[in-house]
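Chain residues, written in single-letter form:
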Amino acid sequence: MREYKLFINGEWVESGMSETFDDLNPATLEIIGKIHKASDEDIKAAADSAQDAFDSWSGTPAPRRAKILFRAARMLEERKEELARLMTVEMGKVLEESRGDVQEAIDIAYYAAGEGRRLLGETTPSELPDKFAMTVRRPIGVVGLITPWNFPMAIPAWKTMPALISGNTLVLKPASDTPVMVIELVKILAEAGLPKGVLNLVMGEGSTVGSAIVHNKKIRAISFTGSLATGKWILGEAAKDMKKVSLELGGKNPIIVMDDADLNLALDGVLWGAFGTTGQRCTAASRVIVHEKIMPLFQEKLIERTRKLRLGSGLDENTDVGPVINSSQLEKIAKYVEIGKDECADLVLGGNTAKPLPGYFFEPTIFTEVTPEMRIAREEIFGPVLSLLSAGSLDEAIQIANSVEYGLSSSIYTENIKNAFKAIEKIEAGITYINASTIGAEIHLPFGGVKSTGNGTREAGTTAIEEFTEIKTVYIDYSGKLQRAQIDIE
Ligand code: UN1
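Report follows, based on the coordinates.

Conventions used here
- Residues numbered from 1 in each chain as written.
- Predicted model: local features only at pLDDT ≥ 70, side-chain atom pairs only at ≥ 80, totals over all residues.
- Heavy atoms only, no water.
- Near = heavy atom within 4 Å.
- Polar contact = N/O pair within 3.5 Å; in protein donor to acceptor, adjacent residues only side chain to side chain.
- Domains from an automatic or database assignment.
- Helix = DSSP H or I, 4+ residues; strand = E, 2+ residues; numbered from the N terminus.
- Patch = residues over 30% accessible without salt bridge, like charges linked within 9 Å, V, L, I, M, F, W, Y side chains within 5 Å.
- Areas by Shrake-Rupley, 256 points an atom, 1.4 Å probe, with all protein chains shown as cover.
- Salt bridge = Lys/Arg side-chain N within 4 Å of Asp/Glu carboxyl O.
- Buried < 20%, exposed > 50% of the residue type's maximum accessible area, 1.4 Å probe, protein only.
- Pairing = 2+ DSSP bridges.
- Axes fitted to C-alpha atoms, helices over the stretch in contact; angles between N-to-C directions.

### Details of the site of the ligand
Taken together, Glu104, Asn150, Phe151, Ile155, Trp158, Arg281, Cys282, Thr283, Ile439, Gly440, Ala441 and Phe447 make up the full set of residues near the ligand. Glu104 is positioned such that a nitrogen or oxygen atom in its side chain is 3.0 Å from a nitrogen atom of the ligand. Residue-level mapping places the shell around the ligand at the junction of two domains, with at least three residues from each of domain 1 (3-249 + 454-474) and domain 2 (253-434).

This is the structure we're talking about:
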């Protein structure tokens, strides 16, 4: 059985407490590896080595740091197919989507490397003569990254690449369901020439390893993608040490389908948004708010098309929907189906676990007659369960869209430009798509959400650099005399 070790101070090392956990293929339940579990001492060693590496790495000119990232991007590109296959084996998503996930990592690696020749500050006139004013960006220091299993390579790369180009050193903890993809990413960065200590990798549970990262005094910032409950806990704990925190949490993303929509286009988008990645995206469409005039036709066509989706191994090119990640997610999804039935929503398709293979499968599921108060319309399920709600007007549809505590992605299908602009203006979300589904964000634009989806930060795009840098404001007075701002102004 293959064993995967921790990466601390440039070395692959065994767990300090000699413990491992199993990494399972969610489709077949085969064990794909034994993963070393970090002890408290291991995490301390990881943070210490990141601290030791900080001076040298932050002192390396950013264009030189970029060379390593460019090299890593090329290596990811060369190994794209092999990595995608490994991802499908470890996480379950269908191969085409795994390729997309690796591509997203490649894209952010090139993009972040390019930032090495920007990392822009501002210059602006001073209010006094013979005085120069500007800002420069500084790295934060040692940063802790805690990543989820649903984008096993893309999200770790979204965090790692911008954090590195900004000059930080890192302690990275991948989700316990998908550590191997992150191990591969770290191997590539190490092979690309990252100096020892700059990137340290520790595996294990959130409650132990994640918590030790959050509480380590040398770690000055935390970037986390995962559940709202964990995000709230991190924010509270990190506040005690005044750490900078970026959170990317849940979603209950709506698609509004207006009576003037291109119906087939809307159906394509709903199917892709709701059942792509087996519904396991923060950006998944879990609510469709349909104009009442077209509801009967839309519902009929949606059920007809969803019924045709094939469950199976993500490696099989004929599969549309792969497994869910683990047994507790499977139970959670089944529990929400029961909740929906108890709330008197109408279960019109699916609702059961399935066994095309020994792993964790759940049928694509549709509820109709859902009302905004129901839990299935408000809470994140993170599985292939879609709720259909009806609205009599655009205003009502937007009101329903906004009636949840989350605000990540959103979408409207309409051929009417007024409706489209109203949606852009009024939907409470970090992302709004017009005539496209809720999923598919591109890496050079900001990614994140409002309300309980986050704490106001955005990943990717130029905002990724903001996440991982501090601004220093610099004044250079070359007048040779005391000049007092706000006072010596005439
Ligand atoms: C996530 O589900 O956490 O926009 C990220 C998308 C992907 C990223 C999803 N590019 O769906």
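Now, onward.
### Section: the environment of Ser227
Relative to the helices and strands, Ser227 resides in the loop between strand S11 (219-225) and helix H8 (228-240). Expressed as a C-alpha distance, the spacing of Ser227 and Glu380, which sit 153 residues apart in the sequence, is 9.3 Å.

### Observations regarding a nonpolar patch on the surface
A cluster of nonpolar side chains, Ile417, Phe421, Ile424 and Ile434, forms an exposed patch at the surface whose accessible area comes to about 390 Å². Ranked by residues supplied to the nonpolar patch, first place goes to helix H14 (residues 417-426) with 3 residues. Structurally, the position occupied by Ile417 is in helix H14. The exposure class of Ile417 is exposed, given its relative accessible area of 60%.

### Digging into the sheet that holds strand S6 (residues 123-125)
Across the sheet, which stays open at both edges, the 3 strands sit in the order S6-S7-S24 with antiparallel pairing between neighbours. Strand pairing shows two members of the sheet lacking a second neighbour, S6 and strand S24 (469-477), which therefore form its edges. Shown here is a sheet whose adjacent strand axes are inclined to one another by a mean of 25°, direction ignored. Pairing between S6 and strand S7 (residues 131-139): 3 bridges, direction antiparallel. When the sheet's bridge partners are listed, Pro125 is paired in S7 with Phe132.

That is the geometry; function is a separate question.
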